[in-house]
Amino acid sequence: MNIVVLYGRLTREPELRYSQNGVANVFVTIAVDRGMSKEKRREAEAQGQPTADFIACKAFGKTAELLGNYFHKGNRIAVEGRIQTGSYDRNGERVFTTDIILNRVHFVESAAENNQFPGGSPGYQAPPPTNMNYQQGGGSSQANNMPSQGFGPKTDDEGYYPIDNDDIPF
């Protein structure tokens, strides 16, 4: 089976684009914490070693539109998809690629929780509730039946620290 589930933060604003055929597409990078203990994290940071992985992801169709319209740099996000590898020639050299093709995108926080729209703004239409998710191809939202402990930031007691906006290098 080729199934990937990631929880992290968007490293930049999603750029929604459309192909010549009118298909929406978006490319995003998700910063995913490596889940180090507090001690190991401090040690890695002191040595200039990374504590997060930056995963290239692609979305198409309605999933891309959802990402492009409702998610922003620094938002916590949970995604489901599959790994896709490929290659192309650049200046006579073969370049190999690995991407995550997103099938589902989950809201982990609301805009209010992320302080993006304090007090609301005129004409602002809130995104779908945080307990909703969107599945590519299905064309409709459905309730998220996943247990809450499955996608939340872990606590200090578990030796795992979520990625903050300050951790994102862009």
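Just above sits the structure.
Given the structure is predicted, the values throughout are model-derived calculations rather than measurements.

Q: What should I look at first to understand the environment of Glu15 in this one?
A: Here Glu15 is to be found in the loop between strand 1 (4-10) and strand 2 (17-18). According to the relative accessible area criterion, Glu15 is partly exposed, its value standing at 43%. Through-space distance from the C-alpha of Glu15 to that of Ala64 is 9.2 Å; in sequence the pair is 49 residues apart. The residues touching Glu15, leaving out its near neighbours within four places in the chain, are Asn25 and Val26. Within the structure, the side chain of Glu15 is placed 2.8 Å from the side chain of Arg17, a separation counted as a polar contact.

Q: Is there a simple way to think about a nonpolar patch on the surface in this case?
A: A grouping of Met1, Ile3 and Val5 is seen on the molecular surface, where their side chains present a nonpolar patch of about 420 Å² in accessible area. Topologically, Ile3 is positioned in the segment before strand 1.

Q: What's the story with the pattern of salt bridges in this structure? I'm lost.
A: Between side chains of opposite charge, pairing is possible as soon as their charged atoms come close. The tally for this structure, following the rule as stated, stands at 8 salt bridges. Across the pair Arg104 and Glu80 runs a salt bridge, and its minimum N-O distance is 3.7 Å. With Arg104 in strand 6 (residues 93-107) and Glu80 in strand 5 (residues 76-90), the pair connects residues that are 24 residues apart, well separated along the chain. Residue Arg104 shares its accessibility class with Glu80, and that shared class is buried. Each member of the salt-bridge network shares a partner with another, and the members are Asp33, Arg41 and Glu45.

Q: Would you take a moment to explain the pairing of strand 5 for this structure?
A: Looking down a regular strand, the side chains alternate between one sheet face and the other. In the sheet, strand 1 pairs with strand 5 via 6 bridges, with the strands oriented antiparallel. The residue of strand 5 that forms the bridge with Arg9 is Arg76. Alignment of strand 5 against strand 6, held across 14 bridges, turns out to be antiparallel. Residue pairing in the sheet places Gln84 in a bridge with Asp99 of strand 6. Counted along the chain from strand 5 to the antiparallel partner strand 6, the turn is 2 residues long, and its residue Asn91 has a positive phi close to 55°.

Thresholds applied
Throughout, a residue's number is its position along its own chain's written sequence, starting from 1. At least 70 in pLDDT is required for a residue's local features to be given in this predicted model, at least 80 for side-chain atom pairs to be given and counted, and no such filter applies to totals for whole chains, interfaces and linings, which use all residues. In computing side-chain values, all of the structure's heavy atoms are included and hydrogens and water are not. The way it works is that DSSP assigns letters per residue, a run of H or I at least four long becomes a helix, a run of E at least two long becomes a strand, and they are numbered from the N terminus. Relative accessible area decides the class of each residue, using a 1.4 Å probe on protein chains only: under 20% of the type maximum gives buried, over 50% gives exposed, and in between gives partly exposed. Any pair of residues with heavy atoms lying within 4.5 Å of one another is described as a contacting pair. Polar contact criterion, stated in full: a pair of N or O atoms within 3.5 Å, where within protein one must be able to donate a hydrogen and the other to accept it, and residues adjacent in sequence count only if both atoms are side-chain atoms. Exposure above 30% relative accessible area and the lack of any salt bridge qualify a residue for a patch; like charges then connect within 9 Å, and the nonpolar side chains Val, Leu, Ile, Met, Phe, Trp and Tyr within 5 Å. Accessible surface area values rest on a Shrake-Rupley calculation with a 1.4 Å probe, where residue burial reflects the displayed protein chains alone. The term salt bridge refers to a pairing of a side-chain nitrogen on Lys or Arg with a carboxyl oxygen on Asp or Glu at a separation within 4 Å. By definition, two strands form a pair when at least two bridges between them are found by DSSP.

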